[in-house]
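One letter stands for each residue in the lines below.
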Amino acid sequence: HMDCASARGWLQILVTALMTLAASAHTPQMVFYTHGLCPYAQRVALVIEEKELPHERVEIDLANKPSWYRKTTGTTLVPAVKLP
């Protein structure tokens, strides 16, 4: 069983943050934590690509999550975005 953010609220928060970031004059490099099979992460990826936001993409193995992931993002779910 793969674990991805299933709440629509998480997706809405991420998309809103990304749209706000895209609207700013200065777009810093962000880190996008994702998993290719998570539909919510796929939606966030579409927004990132459409808005041409500079980012580093990090694939998270949901069956074997790295120990540093929770410390870095505060969650065990994907998608997650870390802003500088």
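All of the points below concern the structure found in this document. Bear in mind that the values here come from a model prediction, so they are computed numbers and not experimental data.

1. Brief notes about the overall build of the protein chain
In step 1: Counting its regular elements, the protein chain contains three helices and three strands.
In step 2: For the protein chain, the N- to C-terminal ordering of α and β elements is α-β-α-β-α-β.
In step 3: A fraction of 72% describes how many contacts in the protein chain between residues 6 or more apart in sequence connect residues 24 or more apart.
In step 4: Total accessible area on the protein chain stands at roughly 5400 Å², and carbon and sulfur atoms take up 55% of it.

2. With respect to the nonpolar core
Soluble, globular proteins show a tendency: their nonpolar side chains are buried together.
In step 1: Leu-18, Tyr-33, Ile-48 and Ile-60 are the most contacted members of the largest nonpolar core, which totals 20 residues.
In step 2: Broken down by secondary-structure element, the contributors of at least two residues to this core are α1 (8-23), β1 (30-34) and α2 (39-50).
In step 3: With six residues, α2 is the single largest residue contributor to this core.
In step 4: Contacts of Leu-18, omitting those with residues within four sequence positions, involve Met-30, Val-44, Val-47, Ile-48, Leu-53 and Val-81.

3. A few points about the sheet that holds β1
The pairing of strands in a sheet happens through backbone hydrogen bonds and is either parallel or antiparallel.
In step 1: An order of β2-β1-β3 is seen for the three strands of this open sheet, with the pairing classed as mixed. The open sheet has two free edges, formed respectively by β2 (55-59) and β3 (80-82), since each of these has just one partner strand. Ignoring which end each strand starts from, the neighbouring axes of this sheet average 20° apart.
In step 2: Relative to β2, β1 runs parallel, the two sharing five bridges. Across the sheet, the residue bridging to Val-31 is Glu-56, located in β2.
In step 3: Contacts from α2 reach β1 and β2 within the one sheet, and its direction differs from that of β1 by about 150°.

4. As for the environment of Thr-72
In step 1: Within the secondary structure, Thr-72 is located in helix α3 (residues 67-73).
In step 2: For the pair Thr-72 and Lys-82, spaced 10 residues apart in sequence, the C-alpha to C-alpha distance is 8.1 Å.
In step 3: Contact partners of Thr-72, with chain neighbours within four places excluded, come to Tyr-33 and Lys-82.
In step 4: Among the polar contacts made by the side chain of Thr-72, one reaches the main-chain carbonyl oxygen of Trp-68 at a distance of 2.9 Å.

About the cut-offs
- Residues numbered from 1 in each chain as written.
- Predicted model: local features only at pLDDT ≥ 70, side-chain atom pairs only at ≥ 80, totals over all residues.
- Heavy atoms only, no water.
- Helix = DSSP H or I, 4+ residues; strand = E, 2+ residues; numbered from the N terminus.
- Contact = heavy atoms within 4.5 Å.
- Areas by Shrake-Rupley, 256 points an atom, 1.4 Å probe, with all protein chains shown as cover.
- Core = buried A, V, L, I, M, F, W, Y, C linked by side-chain atoms within 4.5 Å.
- Buried < 20%, exposed > 50% of the residue type's maximum accessible area, 1.4 Å probe, protein only.
- Pairing = 2+ DSSP bridges.
- Axes fitted to C-alpha atoms, helices over the stretch in contact; angles between N-to-C directions.
- Polar contact = N/O pair within 3.5 Å; in protein donor to acceptor, adjacent residues only side chain to side chain.

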